[in-house]
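# Report on the structure
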Amino acid sequence: MSIRIHTFVGLILLVCMMSDQVTAQRPGINQDETKVPDFTLPEVLEFSDGGLVETAEAWQSKRRMEVFNAMADNVYGHVPKRKVSVDFKVVSSWEVLDGAAVRKLVKIVFGNDPTNFANLLVTVPKTESPVPCFLGYNFQGNHTTTNDPRVPITDSWVRDRESPPTKGNRANEAGRGASASRWPYKELVKAGYGLATIYYGDVDPDIHDEFKNGIHPLFYEAGQTKPRETEWGSIGAWAWGLSRCLDYLESDASVDGKHVAVVGHSRLGKTSLWAGASDERFWITISNNSGCGGAALSRRKFGETVAVINRVFPHWFCDRFPEFNGRENELPVDQHMLMALIAPRAVYVASATKDLWADPRGEYLSLQNANGVFALYGDPTLDVDPPAADSPVITGLRGYHSRTGKHDITLFDWQQYVKFAKRQLDK
Ligand code: GCU
């Protein structure tokens, strides 16, 4: 009985948290700026054995790895050592957008297991030379990103929803184009960019099943049944999947593999940040409304907290992260260090004014508190105060805006990402 009640309460919590606009006050959740506790952030520019990091060389050759390992050990987990083969096959390609672009379906097979695969959908403007490209996961299947009837419906587990309706955790035709507003193919192609997307559940279904599904089991050593304490959870697995997509994009002659921007919304924004931190081949990293475990500083305990995220989504992070539930001040890291790991590559963080669950101010402050590391590369500093709503600020390597409105990724957000990308290209 008690298990049932817990499951029921858990479900209600989950539904509340997944609703588009989580602004209502919930017991135990602070959304009042005056109640943010005092805290001191861990020092990014100090070596673990003391001494200050004073040069870009010292950051890159030693401190960066210390910070990376601390984030992996305590938050996202490490990728297991075992090597797993990954094979790519372009299954089909066709013209879209009245001949302005070519779309390709690429099958990615993991670990030589034909049942363990993902479909990457790559759409590139038809041009003579390779194009810069955005790469991001989608939430419900590639077919939801466009009305294009040729995009196959995923066979993977999907979270059931009422709109568009899904049943038995399987996607269906009703979902085609349902999230097209989040994927502005036409605008991006017109601006000269490719857009590659992949369903995150193809890599690892977003359901806690003790890591028996998705790519996790491919990495187990004999006798192992789940990741070790400091090995990856689902976010780590999704981030690894993005790197495999980058492997493919680097091999595709229509894409400029040196200019691939990784982008994600919400939990997939947490993922894009970890992918950008883990894989230095990513050109730009973009986090849209990523919140707790993403861009937001954990020590602010504003909106979603470490305890809440670990309770509701026990499979996202490594097993050590829950040790810091309610003990954020004892975490050896905070999320400004994640931003720092991306330097000297470019990073853009976006918030939404009504998305208090994701702590817009905390999302800005992690970018701002990475000032020291970015300064080593000559990047101007960001002010302590975030810019006004809908007024993006760009330092050079870093960009931020808070869009008026709710938790979502909109055309306005994408327009800023395109402008930011163009600024980076024009340098
Ligand atoms: C929930 C969760 C957030 C997450 C979001 C999403 O709201 O609490 O951490 O970012 O879902 O991914 O949609």
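Residues numbered from 1 in each chain as written. Predicted model: local features only at pLDDT ≥ 70, side-chain atom pairs only at ≥ 80, totals over all residues. Heavy atoms only, no water.

Below, the discussion takes up the sheet that holds strand 6 (residues 255–265). Reading across the sheet, the 10 strands line up as 1-2-3-5-4-6-7-8-10-9 and stay open at both edges, with mixed pairing between neighbours. In this open sheet, the two edge strands, each paired with only one partner strand, are strand 1 (86–96) and strand 9 (393–394). Relative to strand 8 (residues 346–352), strand 7 (residues 284–288) runs parallel, the two sharing 5 bridges. Bridge assignment links Ile 284 to a residue of strand 8, and that residue is Ala 346. Contacts between helix 11 (residues 411–426) and the sheet are confined to strand 4 (131–138), strand 5 (194–199), strand 6, strand 7, strand 8, strand 9 and strand 10 (398–403), with strand 10 contributing the most and set at about 165 degrees to the helix. (Pairing = 2+ DSSP bridges. Helix = DSSP H or I, 4+ residues; strand = E, 2+ residues; numbered from the N terminus. Contact = heavy atoms within 4.5 Å. Axes fitted to C-alpha atoms, helices over the stretch in contact; angles between N-to-C directions.)

The next point concerns the nonpolar core. If you look at the biggest cluster of nonpolar residues, it comprises 92 residues, and the most contacted ones within it are Trp 59, Met 71, Phe 110, Leu 120, Leu 135, Ile 215 and Trp 274. Non-local contacts of Phe 110, meaning those with residues more than four positions away in its chain, are made with Val 84, Ser 85, Val 86, Asn 116, Phe 117, Ala 118, Asp 202, Val 203, Ile 215, Leu 218 and Trp 240. In this structure, Leu 105, Tyr 193, Ile 409 and Trp 414 belong to the second largest nonpolar core, which totals 27 residues. (Core = buried A, V, L, I, M, F, W, Y, C linked by side-chain atoms within 4.5 Å. Buried < 20%, exposed > 50% of the residue type's maximum accessible area, 1.4 Å probe, protein only.)

Glancing now at the packing of aromatic side chains. On inspection of all chains with the given rule, the structure shows 21 aromatic pairs. For the ring pair Phe 134 and Trp 414, a centre distance of 5.5 Å and an interplane angle of 85 degrees mean the geometry is edge-to-face. Here Phe 134 is found in strand 4, whereas its partner Trp 414 is found in helix 11, with 280 residues between them in sequence. The exposure classification of Phe 134 matches that of Trp 414, with both residues buried. For Trp 414, a relative accessible area of 2% puts it in the buried group. A network of ring pairs unites the aromatic residues Phe 68, Tyr 76, Trp 274, Phe 313, Trp 316, Phe 317 and Phe 321 as a single cluster. The cationic tip of Arg 103 hangs over the ring face of Tyr 185; the distance from NZ or CZ to the ring centre is 4.6 Å. (Phe/Tyr/Trp six-rings, centres within 6.5 Å; stacked < 30°, edge-to-face > 60°. Lys NZ or Arg CZ within 6 Å of the ring centre and 35° of its normal.)

Attention shifts here to the pattern of salt bridges. A full pass over the atoms with the stated rule returns 29 salt bridges. One salt bridge connects Glu 66 with Arg 63, and the closest N-O pair in it is separated by 2.9 Å. Of this pair, Glu 66 and Arg 63 both sit in helix 2 (residues 56–76), 3 residues apart, roughly one helical turn. Judged on exposure class, the residue Glu 66 and its partner Arg 63 are both buried. Across the pair Arg 281 and Glu 250 runs a salt bridge, and its minimum N-O distance is 3.0 Å. Note that Arg 281 is positioned in the loop between helix 6 (267–278) and strand 7 and Glu 250 in helix 5 (residues 234–251), a separation of 31 residues in sequence. Overall, Arg 281 belongs to the partly exposed group, its relative accessible area being 29%. Ionic contacts of the salt-bridge type, sharing partners, join the residues Glu 33, Arg 300, Asp 359, Arg 361 and Asp 385 into one network. (Salt bridge = Lys/Arg side-chain N within 4 Å of Asp/Glu carboxyl O.)

The next subject is the environment of Arg 299. One can find Arg 299 in the loop between strand 7 and helix 7 (306–312). Taking C-alpha positions, Arg 299 is 50 Å from Gly 99, a pair spaced 200 residues apart along the chain. Beyond its immediate stretch of four places on either side in the chain, Arg 299 contacts Pro 37, Phe 39, Thr 40, Leu 41, Pro 42, Glu 328, Asn 329, Glu 330, Leu 331, Val 333 and Asp 334. Engagement of the side chain of Arg 299 in a polar contact is seen with the backbone oxygen of Thr 40, the distance being 3.4 Å. (Polar contact = N/O pair within 3.5 Å; in protein donor to acceptor, adjacent residues only side chain to side chain.)

Our focus in this paragraph is helix 9 (residues 360–368). Of all 9 residues in helix 9, 8 are buried; the element is thus mostly enclosed. Residues Pro 360, Gly 362, Glu 363, Tyr 364, Leu 365, Ser 366, Leu 367 and Gln 368 constitute the buried set of helix 9. Where helix 9 is buried, its residues touch helix 8 (336–342), strand 8, helix 10 (371–375), strand 9 and strand 10.

Its location among the elements puts Lys 104 in strand 2 (residues 101–110). Of the residues examined, Lys 104 reaches a relative accessible area of 15% and is grouped as buried. There is a polar contact of 2.8 Å between the side chain of Lys 104 and the side chain of Asp 252. Excluding residues that lie within four positions of it along the chain, Lys 104 makes contacts with Val 90, Ser 92, Ser 93, Leu 120, Leu 121, Val 122, Tyr 248, Asp 252 and Ser 254.

What follows deals with the environment of Leu 338. Structurally, Leu 338 is set in helix 8. With a relative accessible area of 0%, Leu 338 lands in the buried category. Sequence separation between Leu 338 and Leu 411 is 73 residues, and the spatial gap between their C-alpha atoms is 26 Å. For Leu 338, the residues in contact, after removing those within four places along its chain, are Met 71, Tyr 76, Leu 273, Trp 274, Ala 277 and Gly 294.

With that out of the way, let us pick up the confidence of the model for the chain. Of the residues in the chain, 94% reach a pLDDT of 70 or more, and the chain-wide mean stands at 95. Every residue in residues 1–23 is under pLDDT 50, and counting partners more than four places away or in other chains gives 26 contacts. (pLDDT = per-residue confidence, 0-100.)

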